[in-house]
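Here are the chains, one letter per residue:
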Amino acid sequence: MRATTPSAPQVDMSASQIIEQPMDRRPFWIALLVAAAFFMENLDGTVIATALPQMAHTFGIEPVELDIGMSAYLLTLGVFVPISGWVADRFGDHPFHDCLHVMRCEQ
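First, a word on what this report is: a plain description of the structure on this page. Here the structure is a predicted model, which means the values were calculated and not measured.

### Section: the overall build of the protein chain
Counting its regular elements, the protein chain contains four helices and two strands. Taken from the N to the C terminus, the helices and strands of the protein chain come in the order β-β-α-α-α-α. When the accessible area of the protein chain is evaluated, it comes to approximately 9,300 Å², of which 67% is carbon and sulfur surface.

Structural data, given as structure tokens:
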């Protein structure tokens, strides 16, 4: 039996050889990674929303007054996550992560 495709050269393969080939699991892991990132971002927003009344009490203001802070935080997160990915692609992972660690230690 000959397995043929229009774009690939003809290769002699039996049906059992075709069935035994492992599936590429890379799309599954990429989808899982993206789902985990979205989950963590949603969890982050949920934690802030839950803590907002206590934060307002600590600052001595009404919780509604911190609403703009929560919006600004989530907007900043949405902007800087893609930018940090671009910077890591442009300048390399290691220099970018080293810079982040130095900035975190400086705080």
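### Some remarks on the packing of aromatic side chains
Scanning the entire structure with this criterion turns up one aromatic pair. With centroids separated by 5.2 Å and ring planes inclined at 75°, the aromatic side chains of F28 and W29 adopt a geometry described as edge-to-face. Judged by its relative accessible area of 51%, W29 is exposed.

### Notes on the layout of surface pockets
Reported here for the largest pocket is a volume of approximately 280 Å³. F80, V81, I83, S84, G85, V87, F96, H97 and L100 are the residues that line the largest pocket. Breaking the lining of the largest pocket down by element, the ones donating at least two residues are α3 (67–91) and α4 (93–106). By residue class, the composition of the lining of the largest pocket is six nonpolar, three polar and no charged.

### Re the environment of A56
If you trace the backbone, A56 turns up in helix α2 (residues 26–59). The class of A56 is buried, set by a relative accessible area of 1%. In this structure the C-alpha to C-alpha distance between A56 and L66, which are 10 residues apart in sequence, comes to 6.8 Å. Once residues lying within four places of it in the same chain are set aside, the contact partners of A56 are I61, E62, P63 and L66.

### Points about the nonpolar core
In terms of nonpolar packing, the biggest core is built from five residues, these being I48, L52, A56, L66 and M70. In terms of residues, this core owes the most to one element, α2, which gives three residues. The residues contacting I48, other than those within four sequence positions of it, are M70 and Y73.

What counts, and at which threshold
Residues numbered from 1 in each chain as written. Predicted model: local features only at pLDDT ≥ 70, side-chain atom pairs only at ≥ 80, totals over all residues. Heavy atoms only, no water. Helix = DSSP H or I, 4+ residues; strand = E, 2+ residues; numbered from the N terminus. Areas by Shrake-Rupley, 256 points an atom, 1.4 Å probe, with all protein chains shown as cover. Phe/Tyr/Trp six-rings, centres within 6.5 Å; stacked < 30°, edge-to-face > 60°. Buried < 20%, exposed > 50% of the residue type's maximum accessible area, 1.4 Å probe, protein only. 1 Å grid on protein atoms, 1.4 Å probe; cavity = no way out; pocket = protein on both sides within 12 Å on 5 of 7 lines; lining within 4 Å. Points joined across faces, edges and corners; volume = space filled by probe spheres on them. Nonpolar A, V, L, I, M, F, W, Y, C, P; charged D, E, K, R; others polar. Contact = heavy atoms within 4.5 Å. Core = buried A, V, L, I, M, F, W, Y, C linked by side-chain atoms within 4.5 Å.

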